[in-house]
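The primary structure of each chain is shown beneath.
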Amino acid sequence: MSMKIAVRMDDITPDMNWENFNFFLALFEKTGITPLLGIVPDNKDDSLSRETSHEDFYEFMKTLEKKGFTLAMHGCHHVYSTKNGGLFPLNKYSEFAGLPYDRQKELLRYGKEKLKANGIETDIFMAPAHSYDTNTLKALKELGFAKITDGFGKHPYIYRGLVFYPISFRLAGSFKKKTGVTTMVIHANTVNETARADYEKLFKEQGKNMISYSEYLAMRPAKRNFLGMLVENVMARIKHLLISLRNM
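Each value, and the rule that gives it
Residues numbered from 1 in each chain as written. Predicted model: local features only at pLDDT ≥ 70, side-chain atom pairs only at ≥ 80, totals over all residues. Heavy atoms only, no water. 1 Å grid on protein atoms, 1.4 Å probe; cavity = no way out; pocket = protein on both sides within 12 Å on 5 of 7 lines; lining within 4 Å. Points joined across faces, edges and corners; volume = space filled by probe spheres on them. Helix = DSSP H or I, 4+ residues; strand = E, 2+ residues; numbered from the N terminus. Nonpolar A, V, L, I, M, F, W, Y, C, P; charged D, E, K, R; others polar. Contact = heavy atoms within 4.5 Å. Salt bridge = Lys/Arg side-chain N within 4 Å of Asp/Glu carboxyl O. Buried < 20%, exposed > 50% of the residue type's maximum accessible area, 1.4 Å probe, protein only. Axes fitted to C-alpha atoms, helices over the stretch in contact; angles between N-to-C directions. Parallel < 35°, antiparallel > 145°, perpendicular 65-115°, else oblique. Left-handed = near helix turned anticlockwise from the far one by under 90°. Arc of directions from axis to C-beta. Pairing = 2+ DSSP bridges. Right-handed = clockwise from strand over helix to strand, strands pointing away.

1. Thoughts on the layout of surface pockets
The probe, sized like a water molecule, is rolled over the atoms to show the empty space still left.
Now for step 1: Empty space within the largest pocket amounts to approximately 1,200 Å³.
Now for step 2: Every residue lining the largest pocket is counted, 38 residues in all, and those nearest its centre are His130, His187, Lys239, Ile243 and Arg246.
Now for step 3: If one sorts the elements of the lining of the largest pocket by residue count, helix H8 (residues 226-247) sits on top with seven residues.
Now for step 4: Its volume calculated, the second largest pocket comes out at about 150 Å³.
Now for step 5: Around the second largest pocket sit 15 residues that line it, and Phe152, Gly153, Lys154, Lys177 and Met235 are the ones nearest its centre.
Now for step 6: With four residues, the single largest contributor to the lining of the second largest pocket is H8.
Now for step 7: Partitioned by chemical class, the residues of the lining of the second largest pocket number six nonpolar, five polar and four charged.

In structure tokens form, the structure reads like this:
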């Protein structure tokens, strides 16, 4: 037995790095899994713009969805407006955490309507920089979202009426665990040739332990208590510190 790994891809936009995106599509097909794709409804983050925008983007996303891919809403504009890490402080900035409730709900509603206008409907939310607060969760629930791809843990859990699907604290360690399930996070835009080779090796060696995101969604969640959320918050702070030290 080994821990099962689902895959999520962040920063999916019409003008993303399509060469890298197609590279990962080939890996998914070879491995026999389908990931979660986080679509930015109205991207205003210049760092995500890598190629000429594909006019058939939304039609292609709907085609992938029919093939078993799962779609999520990845923020609204993907622009960081606060220096607040929120409930899951992997980073010290956010598009949502720290903003007034009404402003957050306005952004989330706009993003949801933008996707719907392009034929995409989802109840899964993926926060830019993994940062959200209690107002974010309240607004998401009121707007009909039911699931969030974030948090730490070995199984899906319920908090404030939403189901969280945890991401990996440390991927290398996750592959060594014997039980549970977690998520590998991929930012395809920034993958270089060396990283491509590493991913090819990883998928070849660990593909047997990977599952489609739809399988993750089918798992029964457990309730998460205050202590569990406190431990998660501390772990997020530790990971932020470790990453900061590594980048110094």
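2. Here's the deal with the environment of Gly98
Now for step 1: Mapping Gly98 onto the fold places it in the loop between strand E3 (70-74) and helix H3 (101-117).
Now for step 2: Separated by 35 residues in the primary sequence, Gly98 and Asp133 place their C-alpha atoms 7.1 Å from one another.
Now for step 3: Excluding residues that lie within four positions of it along the chain, Gly98 makes contacts with Thr82, Asn84, Gln104 and Asp133.

3. Focus: the pattern of salt bridges
Now for step 1: As enumerated under the stated definition, the model contains eight salt bridges in all.
Now for step 2: In this structure, the salt-bridge partner of Arg224 is Glu232, at a minimum N-O distance of 3.3 Å. The residues Arg224 and Glu232 share a single accessibility class, namely buried.
Now for step 3: One network of salt bridges, with partners in common, ties together Arg8, Asp10 and Asp150.

4. Re the packing of H3 against helix H4 (residues 134-142)
Now for step 1: The contact between H3 and H4 brings their axes to 9 Å, and the two run at 45°. Taken together, the axis directions place H3 and H4 in an arrangement best described as oblique. Taken as a pair, H3 and H4 cross one another with a handedness that is right-handed. When H3 is examined against H4, the residues Tyr101, Gln104, Lys105 and Leu108 are found in contact with a partner set consisting of Asn135, Thr136, Lys138, Ala139, Leu140 and Glu142.
Now for step 2: Taken together, the residues of the contact of H3 with H4 break down into four nonpolar, three polar and three charged.

5. Thoughts on helix H2 (residues 57-66)
Now for step 1: All buried positions along H2 are accounted for by Phe57, Tyr58, Met61 and Leu64. Buried positions in H2, seen along its axis, are confined to an arc of 115° and lie on one side of it.
Now for step 2: In this fold, the buried residues of H2 make contact with strand E1 (4-12), helix H1 (18-31), strand E2 (36-39), E3 and H3.
Now for step 3: Backbone geometry just downstream of H2 places Gly68 in the positive-phi region, at approximately 110°.

6. So, the sheet that holds E2
Now for step 1: The strand order E8-E1-E2-E3-E4-E5-E7-E6-E9 describes an open sheet built from nine strands, whose pairing is mixed. Pairing within the sheet leaves two strands with one partner each, and these edge strands are strand E8 (181-186) and strand E9 (222-223).
Now for step 2: Pairing between strand E4 (residues 124-126) and strand E5 (residues 147-148): two bridges, direction parallel. Counterpart to Ile124 in the pairing with E5 is Lys147.
Now for step 3: The strands touched by H1 within the sheet are E1, E2 and E8, with E1 carrying the most contacts at an inclination of about 160°.

7. Describing the pairing of E3
Now for step 1: With five of five residues buried, E3 is to be regarded as a mostly interior element.
Now for step 2: A two-sided burial pattern is seen for E3, the buried positions comprising Thr70, Ala72 and His74 on one face and Leu71 and Met73 on the other.
Now for step 3: For E2 and E3, the ladder comprises four bridges, and the chain directions are parallel. What sits directly across from Ile39, in E3, is Met73.
Now for step 4: Handedness of the crossover joining E2 and E3 through H2: right-handed.

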